[in-house]
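Report on the structure
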Amino acid sequence: MNKESKIYIAGHRGMVGSAVWRVLRNLGYTNLIGKTSSELDLRNELSVDEFISMEKPAIIIDAAARVGGIVANNKFPYQFLIENMRIQNNLIQSAHENNVDKFIFLGSSCIYPKMAPQPLKEEYLLTDTLEPTNESYAIAKISGVKLCQAIRNQYGKDFVSLMPTNLYGSFDNFDYETSHVLPAMLRKFHEAKINNNAPVTLWGSGRPMREFLLVDDMAKAVVFAIENKLPEYLYNIGSSMEISIKELAETIQKVVKHQGEIIWDDSKPDGTPRKLMDNSKMNNLGWKAEVDLTTGIKMTYDWFLENIDKIRKVKLD
Ligand SMILES: NC(=O)c1ccc[n+]([C@@H]2O[C@H](COP(=O)([O-])OP(=O)(O)OC[C@H]3O[C@@H](n4cnc5c(N)ncnc54)[C@H](OP(=O)(O)O)[C@@H]3O)[C@@H](O)[C@H]2O)c1
C-alpha cells in the first residue's frame, strides 16, 4: 500500500467513515473515494458491482450500515437484518470478484454472546446465544465476519474484521430516538444546562460498567489495519478503560458545566451489568487507544456546540 492507493470508504459521511477519511487525509493519503447513500445505494447489488468494477479500489473500508440504539433495533429487526446483510454482502462479494487487495469490515461488540465471560475475547464468538434486543443486527454482523473469514481462508486474501467497542466523537448521532448512551447524555446535560440547570433524569441505577473509545482512535486502528497485514481474521478494538454509567454521567456533567441534579430512575432497566472488550490481540500488534475519556468528551462537546444546528434526524423505519 502507498499513499496514492485508491481507498473506497463505504459510509464516509457517518461517524466512523468520516473519522477514517479525516485521519487518512491527515496522514497524506490522497486517493480516497466515497459515495453518499443517495448516490449509491449499497443495498443494490448491480449498482455496487458496477461501481467497484469501474473504480477498482485497492482497499475497501466497510463503515456503511444501518445502525441504531435499542429502540430502533427492537422495532425494526427485519430491516436491521436484511439491510445490513445486503450492504455487506454486496460489498464483500464485489471486492472479492474485483480482486480488491484489502477489505476491512466493521462490526460491533454485540456479536458476542450475551452471557460470555468478561472481558470479551474474540474466541467467544458463536459460543452461546446473543442478546435478544439486538439479535438481528448481531447476526448480520456475524455473517459479515464469517464471509470475510471464508474468503480469507479459501483464497488467502487480506479480508479482516474489526469489532469496535462503544464509539463516540464528531459526527455522532445525537437524535434521542436512535442515539447511543454517550451522545444522548451529552445532549441531555447540555439542554438541561441552558434550561437553568434543570435536573437530568437518567435510566437505571448508573451501576453498569462500560467501555468507550473516541472514534478518531478507532480510525487509527483502521489505518493500522491498512498499513499492516493482520495475522488473524477478527480483532476487538477498544480503549480497555472501564467506567460505570454513573461516572460517565458525572464526567459529562463536568465537561458540559451543568450544575443541576442527576436523578437515577431505577424503575428503568440497567441492561448488561458489564461490557468490556479484551483488546490485547490488537494491542500486542502495536495499536493502542491514545485519547482519555475526559479529553474525548471535551472534543465531542466542542464539535456538538459548533454543529448543533446540523444535528441529524435519523429515520426509524
Ligand atoms: N457508533 C458506534 O458506537 C459503533 C460501535 C461499534 C461499531 N460501529 C460500527 O461502525 C460502522 C459505522 O457506524 P457509524 O456509527 O459510523 O454509523 P453512521 O454514523 O450511522 O453511518 C453509517 C453510514 O452508512 C451509510 N449507509 C447506510 N445505509 C446505506 C445504504 N443503503 N447505502 C449506502 N450507504 C449507506 C450512511 O450513508 P449516508 O450518510 O450517505 O446516508 C452513513 O454514512 C457500523 O458498521 C457499526 O456497526 C459503530
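As a starting point, this report considers the structure included with it. (Residues numbered from 1 in each chain as written. Predicted model: local features only at pLDDT ≥ 70, side-chain atom pairs only at ≥ 80, totals over all residues. Heavy atoms only, no water.)

Some words on the nonpolar core
It is characteristic of soluble globular proteins that their nonpolar side chains tend to be buried jointly. Using the following cut-off: Throughout, nonpolar core names a set of buried Ala, Val, Leu, Ile, Met, Phe, Trp, Tyr and Cys residues whose side chains join them through atoms within 4.5 Å. For the exposure calls, accessible area comes from a 1.4 Å probe over protein chains only, and a residue counts as buried if that area is under 20% of its type's maximum, exposed if over 50%, partly exposed in between. Secondary structure is summarised from DSSP: a helix means a run of H or I of at least four residues, a strand means a run of E of at least two, and numbering begins at the N terminus for each. Contacts: residue pairs with any heavy atoms within 4.5 Å of one another.
Residues Tyr-8, Leu-42, Leu-91, Phe-103, Tyr-112 and Met-163 are the most contacted members of the largest nonpolar core, which totals 38 residues. Listed by contribution, the elements that provide at least two residues to this core are strand 1 (7-10), helix 2 (45-55), helix 4 (77-97), strand 4 (102-106), helix 5 (135-155) and strand 5 (158-164). Tallying contributions element by element places helix 5 first for this core, with 6 residues. Ignoring anything within four residues of it in the chain, the contact list for Tyr-8 reads Ile-33, Gly-34, Lys-35, Leu-40, Leu-42, Phe-51, Ile-52, Pro-57, Ile-59, Ile-60, Ile-61 and Leu-91. Val-16, Val-222, Ile-226 and Leu-230 belong to the second largest nonpolar core, which has 33 residues in total.

As for the packing of aromatic side chains
What counts is decided by this rule: Each Phe, Tyr or Trp ring, with Trp reduced to its six-membered ring, pairs with another whose centre is within 6.5 Å; inter-plane angles below 30 degrees give stacked pairs, above 60 give edge-to-face pairs, and intermediate values give tilted ones. Placement of a charge over a ring requires the Lys NZ or Arg CZ to be within 6 Å of the ring centre, with the centre-to-atom vector within 35 degrees of the ring normal.
Considering all chains together, one arrives at 7 aromatic pairs under this definition. A centroid spacing of 5.4 Å and a plane angle of 20° characterise the contact between Phe-103 and Phe-159, whose relative ring orientation is stacked. Residue Phe-103 is found in strand 4, and its partner Phe-159 is found in strand 5; the two are separated by 56 residues along the sequence. In this structure Phe-103 comes out as buried when scored by relative accessible area, which is 0%. Arranged with centres 6.2 Å apart and planes meeting at 20°, the rings of Phe-174 and Trp-303 form a pair that is stacked. In this pair, Phe-174 sits in the loop between strand 6 (166-168) and helix 6 (181-194) while Trp-303 sits in helix 10 (residues 293-306), placing the two residues 129 residues apart along the sequence. Side by side, Phe-174 and Trp-303 carry an identical accessibility label, which is buried. Connected via pairs of aromatic rings, a cluster forms that spans Phe-171, Phe-174, Tyr-301, Trp-303 and Phe-304. The ring of Phe-80 is capped by Arg-66, whose NZ or CZ atom sits 5.3 Å from the centre of that ring. Just above the ring of Tyr-176 sits the side chain of Arg-187; from NZ or CZ to the centre is 4.4 Å.

Let's talk about the sheet that holds strand 4
Strand-to-strand pairing in sheets goes through backbone hydrogen bonds, with the strands running parallel or antiparallel. Heads up, the rule is: Strand pairing requires that DSSP identify at least two bridges connecting the strands. Axis definition: a line fit to C-alpha positions, over the contact stretch in the case of helices; interaxial angles, taken between N-to-C directions, run 0 to 180 degrees.
The strand order across the open sheet built from 6 strands is 2-1-3-4-5-9, with neighbouring strands paired in parallel fashion. Every interior strand has two partners, whereas the edge strands, strand 2 (32-33) and strand 9 (234-237), have only one. Sheet topology places strand 5 next to strand 9; 4 bridges connect them, and they run parallel. From the neighbouring strand, Ser-161 faces strand 9, where its bridge partner is Leu-234. In this fold helix 1 (residues 15-26) packs onto strand 1, strand 2 and strand 4, with an angle of close to 155° to the strand it touches most, strand 1.

Comments concerning the packing of helix 8 (residues 245-256) against helix 10
Definition in use: Roughly parallel refers to an angle under 35 degrees, roughly antiparallel to one over 145, roughly perpendicular to one between 65 and 115, and oblique to any angle outside these ranges. When the near helix sits turned anticlockwise from the far one by under a right angle, the crossing is termed left-handed; a clockwise turn instead gives a right-handed crossing. Any residue outside Ala, Val, Leu, Ile, Met, Phe, Trp, Tyr, Cys, Pro, Asp, Glu, Lys and Arg is labelled polar, Gly included; the first ten of those are nonpolar and the last four are charged.
Interaxial distance between helix 8 and helix 10 falls to 10 Å at its minimum, and their mutual angle equals 50°. Here helix 8 is positioned oblique relative to helix 10, judged by the angle of their axes. In the crossing of helix 8 with helix 10, the sense of the turn from one axis to the other is right-handed. Here helix 8 contributes Leu-248, Thr-251, Ile-252, Val-255 and Val-256 to the contact with helix 10, which in turn contributes Leu-293, Thr-294, Ile-297, Lys-298 and Tyr-301. Counted by class, the contact of helix 8 with helix 10 contains 7 nonpolar, 2 polar and 1 charged residues.

Describing helix 1
Filter applied, for reference: A helix is expected to span 1.5 Å multiplied by its residue count minus one.
If you check helix 1, its first and last C-alpha atoms are 17 Å apart, about what 12 residues at 1.5 Å a residue would give, namely 16 Å. Within helix 1, burial applies to Met-15, Val-16, Gly-17, Ser-18, Ala-19, Val-20, Val-23 and Leu-24. Looking at the packing, one finds that the buried side of helix 1 touches strand 1, strand 2, strand 4, strand 6 and helix 7 (215-227). Two residues or fewer past helix 1, Gly-28 is found with a positive phi of approximately 95°.

Re the site of the ligand
Worth spelling out the cut-off: One heavy atom within 4 Å of a molecule or strand makes the whole residue count as near it. Any pair of nitrogen or oxygen atoms within 3.5 Å is treated as a polar contact; in protein, a donor-acceptor pairing is required on top of that, and neighbouring residues in sequence qualify only through side-chain atoms on both sides.
Near the ligand you find 26 residues, and of these Val-16, Ser-37, Gly-107, Tyr-137 and Lys-141 are the closest. Between Val-16 and the ligand, the recorded distance is 2.8 Å, taken from a backbone N or O atom to an oxygen atom. In this structure, a nitrogen atom belonging to the ligand sits 3.0 Å away from a side-chain N or O atom of Asp-41. At the level of secondary structure, the elements contributing two or more residues to the shell around the ligand comprise helix 1 and helix 5.

Looking at the environment of Val-181
With respect to the secondary-structure elements, Val-181 resides in helix 6. Residue Val-181 is classed as partly exposed on the basis of its relative accessible area, which comes to 34%. In this structure the C-alpha to C-alpha distance between Val-181 and Asn-195, which are 14 residues apart in sequence, comes to 21 Å. Beyond its immediate stretch of four places on either side in the chain, Val-181 contacts Phe-212 and Ile-245.

Digging into the packing of helix 1 against helix 7
Any two packed helices are characterised by the angle at which their axes cross and by the distance between the axes. At their nearest, the axes of helix 1 and helix 7 sit 8 Å apart, and the two run at 65° to each other. The handedness of the crossing between helix 1 and helix 7 comes out as right-handed. Mapping the contact onto sequence places Met-15, Val-16, Ala-19, Val-20, Arg-22, Val-23 and Leu-24 in helix 1 and Val-215, Asp-216, Met-218, Ala-219, Lys-220, Val-222, Val-223 and Ile-226 in helix 7. Of the residues contributing to the contact of helix 1 with helix 7, the split by class is 12 nonpolar, no polar and 3 charged.

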